[in-house]
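Residues per chain, in single letters:
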Amino acid sequence: MSYVLQHLHNGWQVDQAILVEEDKAVVIRFGHDWDPQCMKMDEILYGIADKVKNFAVFYVVDISEVPDFNKMYELYDPCTVMFFYRNKHIMIDLGTGNNNKINWALEDKQEMIDIVETVYRGARKGRGLVISPKDYSTKYRY
Amino acid sequence: MPLPAALQARLAKRGLIKTDEPEKENTDANQVSSGKCPNTSNPYHECSEYCRKRWGSPAETNTNEAHYQQMMLPPGWFLVPDNTSGASYYWNTMTNQVSWLHPLNPKAQITNPVMSDGRGHEVMPNTAIPSPLVGSDEREQVLNIGKHPSLVKGSQKKMQAAVKRKQQEQEARARKKKMDDLDPLDPAAYSDVPRGTWSTGLVDKGDAKTGVDTTANGPLFQQRPYPSPGEVLRRNAAIKS
């Protein structure tokens, strides 16, 4: 069984992809496939998709192809990862000040697994905001 | 021992001491001898209780009119007896204005005569019609014969000042209204931006920059979730329609 990152080609597909997942966190990467930062992120997402298949699914959305969410979700960064659970946006406190999304490319697969698991566990308990296992404020990044 | 003058006067008034009349009589003999209020020539003076008591002239309450009746009439004015009422009124043969009181009396209401057909019943105020007092300088001088010029001029000035004040008030009100229209701190007042309306500047659903709740602030600011994709699509559809 192979897990490739699925592309969603319009807003309705994005909506349905999130709606149909009853007991899984939905991770959506907004960006462009040709963007180097997105390529890096896709690599990590692709690498962990098999490991977290029990509690998370990954989708890729091209923000040029599907511009519906650009304004409402403030998708100004080249690469943005957002989490949803049962048609609800799950925020994650990464220490960056922006709790809505991961707007940079992670470098470590395990970190991404931890984040997805934290989101799933928090969302299962009804939390809208979970705290990232690692603080990604610039203090620790550099 | 001589008493103080004030005390002496009071005691004399109550009949406790005998007054030495001749001495006091001399001081204001001219006034007492005339037997009427010395302010009768002052058109702004109305005889009060004190005047009547002091000068003992209850019949002189009408002195103003009596005084004016003795005065010379301005040119063109004649005293005409009224057949219906029995009294007499003043009639200006030049302007055809009438007045019950002497035209120089500031209380006089100089009006147009009531029309014989019975339609012009309303009494025009003095200011509406050019009074004979308002005229060329030499005529005014003629009118002021036998009267202190400050009095005549003052009454005219008062009237004109009242009219002027009214106009100024209206102007000020109009100016204030105009000022109210535009707040000086409104950018439209000092720059060429267009005038805003009540809803200008409010975040409209249509031009909202974000899907999050823009009214949340403080500790809630970082806890505002985005709407779900379905909600976003619905909002986009609502904006388009």
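Looking at an unreviewed UniProt entry, one finds chain B named Polyglutamine-binding protein 1 and attributed to Paramuricea clavata.

If you look chain A up in an unreviewed UniProt entry, it shows as Thioredoxin-like protein from Paramuricea clavata. Check the Sequence similarities (unreviewed entry) section of the UniProt entry for chain A; it says "Belongs to the DIM1 family." Regarding chain A, the relevant UniProt record gives this comment under Subcellular location (unreviewed entry): "Nucleus".

### Observations concerning the overall build of chain B
Helix and strand counts for chain B stand at nine helices and three strands. When the elements of chain B are put in sequence order from the N terminus, they spell out α-α-α-α-α-β-β-β-α-α-α-α. Buried residues in chain B amount to 24% of all 241 residues. At a minimum sequence separation of 6, the contacts of chain B that also span at least 24 residues come to 30%. Total accessible area on chain B is roughly 18,000 Å²; 56% of this is exposed by carbon and sulfur atoms.

### Description of the pattern of salt bridges
Across all of its chains, the model carries 13 salt bridges over all chains by this definition. One salt bridge connects Arg86 of chain A with Asp23 of chain A, and the closest N-O pair in it is separated by 3.6 Å. Taken together, the residues Arg86 of chain A in the loop between strand E4 (79-85) and strand E5 (88-93) and Asp23 of chain A in the loop between helix H1 (11-20) and strand E2 (25-31) connect sequence positions 63 residues apart. The exposed category is assigned to Arg86 of chain A, whose relative accessible area is 54%. Exposure remark for Asp23 of chain A: the relative accessible area of 32% places this residue in the partly exposed category. Among the salt bridges present, the one from Glu231 of chain B reaches Arg234 of chain B, with a minimum N-O distance of 3.4 Å. Of this pair, Glu231 of chain B and Arg234 of chain B both sit in helix H9 (residues 229-240), separated by three residues, roughly a single helical turn. Where salt bridges share partners, they join Asp23, Arg86 and Arg124 of chain A into one cluster.

### Digging into the UniProt feature "domain: WW" (unreviewed entry) in chain B
UniProt tags residues 71-105 of chain B as "domain: WW" (unreviewed entry). In residues 71-105 of chain B, the share of helix is 0% and the share of strand is 34%. The end C-alpha atoms are 10 Å apart.

### Here's the deal with the pairing of E5 of chain A
Residues and elements named next belong to chain A. Sheet analysis places E4 next to E5, joined by three bridges and oriented antiparallel. Across the sheet, Phe84 pairs through a bridge with His89, a residue of E5. Linking E4 to E5, which pair antiparallel, is a turn of two residues; within it Arg86 sits at a positive phi near 50°. Summarising the sheet, E5 and strand E6 (residues 129-131) pair through three bridges and their orientation is parallel. By the bridge assignment, Met91 is partnered in E6 with Leu129. Since E5 and E6 lie parallel, the crossover through helix H3 (residues 109-124) that links them has a hand, and here it is left-handed.

### A look at the sheet that holds strand E1 (residues 77-81) of chain B
Residue and element names in this part refer to chain B. Pairing within the open sheet is antiparallel, and its three strands lie in the order E1-E2-E3. Taken across any chain shown, the strands that pair with only one partner, and hence form the sheet edges, are E1 and strand E3 (98-99). Note that E1 and strand E2 (residues 88-92) share five bridges and pair antiparallel. Bridged to Phe78 within E2 is Trp91.

### Brief notes about the packing of helix H2 (residues 36-49) of chain A against H3 of chain A
Two quantities define a packed helix pair, namely the angle between the axes and the distance from one axis to the other. Residues and elements named next belong to chain A. Relative to each other, H2 and H3 sit at 70°, their axes nearing to 9 Å. In this view, H2 runs roughly perpendicular relative to H3, as classed from their interaxial angle. Handedness of the crossing formed by H2 with H3: right-handed. Listed contacts from H3 to Met41, Glu43, Ile44, Leu45, Gly47 and Ile48 of H2 are Lys109, Met112 and Ile113. Classifying every residue of the contact of H2 with H3 gives six nonpolar, one polar and two charged.

Parameters and conventions
- Numbers given to residues run from 1 along each chain, matching the order in which its sequence is written.
- Chains carry letters from A onward and ligands carry numbers from 1 onward, assigned in written order.
- The predicted nature of this model means local features are confined to residues of pLDDT at least 70 and side-chain atom pairs, given and counted, to a pLDDT of 80 or more, with totals for whole chains, interfaces and linings taken over all residues.
- To obtain the side-chain values, all non-hydrogen atoms of the structure were used and water was disregarded.
- UniProt positions are given in the numbering used here, feature names are shortened, and annotations may be inferred rather than shown by experiment.
- A run of H or I in DSSP counts as a helix once it spans at least four residues, and a run of E counts as a strand once it spans at least two, with each numbered from the N terminus.
- Exposed residues in this analysis have more than 50% of their type's maximum accessible area, buried residues have under 20%, and partly exposed residues fall in between, with area computed by a 1.4 Å probe over protein chains only.
- The criterion used for residue contact is that any of the two residues' heavy atoms lie within 4.5 Å.
- Note on areas: Shrake-Rupley with a 1.4 Å probe; residue coverage comes only from the protein chains shown.
- Definition used for salt bridges: Asp or Glu carboxyl oxygen within 4 Å of a side-chain nitrogen of Lys or Arg.
- When DSSP finds two or more bridges between a pair of strands, those strands are recorded as paired.
- Handedness is read with the strands pointing away from the viewer; a crossover is right-handed when the path from the first strand over the helix to the second is clockwise.
- Lines fitted to the C-alpha atoms define the axes, with helices restricted to the stretch that makes contact. Angles between their N-to-C directions range from 0 to 180 degrees.
- Any angle between 65 and 115 degrees counts as roughly perpendicular, while under 35 counts as roughly parallel, over 145 as roughly antiparallel, and the rest as oblique.
- Crossing handedness is read from the near helix: turned anticlockwise from the far helix by less than a right angle, it gives a left-handed crossing, and turned clockwise, a right-handed one.
- Note that Gly is not counted as nonpolar here; it falls among the polar residues with everything else outside the nonpolar set of Ala, Val, Leu, Ile, Met, Phe, Trp, Tyr, Cys and Pro and the charged set of Asp, Glu, Lys and Arg.

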